[in-house]
Amino acid sequence: MGLEELSRAELIELVLAQHARIQALEARVAEQDRRAAERDRRIEELTGELDKLRRVVSRNSGNSSSPASKDDELGRKPPEKAKRAKPSGRGPGKQKGGRGSALAWAEDAVVVNHRPVGRCDGCGVDLAEAVDDGVGKACQITDIPPVSATTVEHRMRRVVCGCGKIHTAAAPSGAGVANTRVYGSNLKAFCVYLLVRHALPVERAVELIGDLTGAAPSAGFVHGLLRRVSVGLAAYLQRVKTLITLAHVAHFDETPIRCGAKGVKQSVWVASTEFYTLYHLGGRGLTDFRSFGVGTGFTGVAVHDRYRVYLGDEHRSADRKAFGAGARHQVCAAHLIRDLQDAIESLPGAHWPTQAQRALRELIHQANLARDACLPAVPQPARDPLLKEFKHAVRVGLAEVPRVPDVREQPKFRALLEFLRDSEDTLTPFVFDTTIPPTNNRAESDLRPNKTQQKVSGRLRDPETTRHRLVIAGYLSTLRKNGIDILTALRDAITGTPWIPEPTPG
């Protein structure tokens, strides 16, 4: 039946039905549009999360501050190995024709004479009756005697003077009250050495001491030694703070560490020089760094990474800066090279990060050559072309990576480029003064044992004990830098006479 055969009422009914159907279809289309928009939004969110995960997985020790120990984690791409211009052709181990080495003959060796025993295989006479004819051959064996803890009873004798007054001998150093048995300073020093220098947990240190010496100190006694030794290092600690504050160059760094009953994340700060090491436990803010006690009076060259606490703000008042007035900065070039490597991998079409990284590497090389030649600075003919190349790369990068308008925190590589442009005086001081190291490797090396401590022993339970441990760790590191026998100096600290450096080095 055609529309012309329908009545008016039927046509009205048909139009209403079609209108209702159209409305239903429009509602359905609107719902589909809403779902499509939701899917697009969700896809965008997941894409962003995927990009973040890819970025996290791509982080390694070659393009970020991630430690090398994480390079082997599942899914991570290890850093590319440094390319050599030519293969060296050298195999592992000692090279053919190389000079050998052996233990030198000791002139002060303990001599033990050995005579032949038994009977002569010629005539059958007992060799004990044979005439000595001198030394036929000799050899030396360097070894350690079996270690066993011994107990010595010290008896303080009394004497009576002619006048009738009684005198009693003084007790030796480290003795307890009368009629008590205590552990000596040698064993105590060994305990502290194992706990701090080798990061052994208390129970394992007790076990090792028992296996090696036969002594059986309790875990509580060994753990309590940390506080006792740390308290005795108060004078040493104050001297080292003063010496680092007065140093021409000092390195600063920090690393997160979990400490306390709930495993709260805190930071271990380090300040170090060629001769001294100092640690501090606290948060990550400026106040925590200032409580370190070495920054506010420091007016030398501070070597560190780009952490904002160190660099501060030029508009910040003097009482809100990390270092004293007149202090200069050397930003770690190794960190900058890793940041540029990140840009190389993330921006495959860009040439500026490769150029900047190449120029920075060559500046470091030239600084090392100048230092080895005892020159005060990199010669100008070698320095100026590289500085020009580096600055040109930064300008190109700024043109290729524009600012995002109305955004305070700029994208990573734009922020890096602006830092390289605006902080020129903190990037290359090592080129003009070869006494300034280009990297912060010294502080990072001094800081690394604290991460080892946490990996071996797990979370550090007590912040106060951790602070005691850090004081001793700084003491041991300083001893090693100055060539002082560690166990002897630890024993001296336990007996109340710690080694205190003279204000001469650095």
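About the thresholds
Residues numbered from 1 in each chain as written. Predicted model: local features only at pLDDT ≥ 70, side-chain atom pairs only at ≥ 80, totals over all residues. Heavy atoms only, no water. Helix = DSSP H or I, 4+ residues; strand = E, 2+ residues; numbered from the N terminus. Rg over C-alpha atoms; globule rule 2.2 N^0.38 Å. Buried < 20%, exposed > 50% of the residue type's maximum accessible area, 1.4 Å probe, protein only. Contact = heavy atoms within 4.5 Å. Pairing = 2+ DSSP bridges. Axes fitted to C-alpha atoms, helices over the stretch in contact; angles between N-to-C directions. Core = buried A, V, L, I, M, F, W, Y, C linked by side-chain atoms within 4.5 Å. Parallel < 35°, antiparallel > 145°, perpendicular 65-115°, else oblique. Left-handed = near helix turned anticlockwise from the far one by under 90°. Nonpolar A, V, L, I, M, F, W, Y, C, P; charged D, E, K, R; others polar.

Visitor: Please explain the overall build of the protein chain as it appears in this structure.
Guide: For the protein chain, the helix and strand inventory stands at 15 helices and seven strands. For the protein chain, the C-alpha radius of gyration of 36 Å lies well beyond 23 Å, the compact-globule estimate for 506 residues. Counting all 506 residues of the protein chain, 34% fall into the buried class. The contacts in the protein chain between residues at least 6 apart in sequence include a share of 64% that link residues at least 24 apart.

Visitor: In this structure, what is going on with the sheet that holds strand S7 (residues 328-331)? I would like to understand it.
Guide: By way of backbone hydrogen bonds, the strands of a sheet pair with one another, either parallel or antiparallel. Strand order in the open sheet made by the five strands is S5-S4-S3-S6-S7, with mixed pairing throughout. What marks the edges here is a single partner per strand, and that holds for strand S5 (277-282) and S7. Averaged over all adjacent pairs, the angle separating strand axes in this sheet is 25°, with direction ignored. Pairing geometry for strand S3 (residues 249-259) and strand S6 (residues 301-304), over three bridges, is parallel. Residue pairing in the sheet places alanine 250 in a bridge with alanine 302 of S6. Sheet strands in contact with helix H5 (residues 234-245) are S3, strand S4 (264-272) and S5, and its direction is about 105° off that of S5.

Visitor: Honestly, the nonpolar core in this entry has me stumped. Any pointers?
Guide: Taken as a class, soluble globular proteins show a tendency for nonpolar side chains to be buried jointly. Core analysis: the biggest nonpolar cluster contains 61 residues, and Phe252, Phe289, Phe323, Ile472 and Leu490 have the highest contact counts within it. With eight residues, helix H2 (residues 185-197) is the largest single contributor of residues to this core. Setting aside anything within four residues of it in sequence, one finds phenylalanine 323 in contact with Phe252, Phe289, Gly295, Thr296, Phe298, Ala302, His304, Tyr310 and His329. Within the second largest apolar cluster, 35 residues are counted, among which are Ile337, Leu386, Ala393 and Leu417.

Visitor: What am I meant to see in the packing of helix H4 (residues 219-231) against helix H14 (residues 463-481) here?
Guide: Each pair of packed helices can be described by the angle between their axes along with the distance between the axes. In contact at an axis separation of 8 Å, H4 and H14 are set at 60° when each is read in the N-to-C sense. Considering their axes alone, H4 and H14 lie oblique with respect to each other. Of the two elements, H4 crosses H14, and the hand of that crossing is left-handed. In this structure, H4 uses His223, Leu226, Arg227, Val229 and Ser230 to contact H14, whose residues at the interface are Thr465, His468, Arg469, Val471 and Ile472. Grouping the amino acids of the contact of H4 with H14 by side-chain chemistry returns four nonpolar, four polar and two charged.

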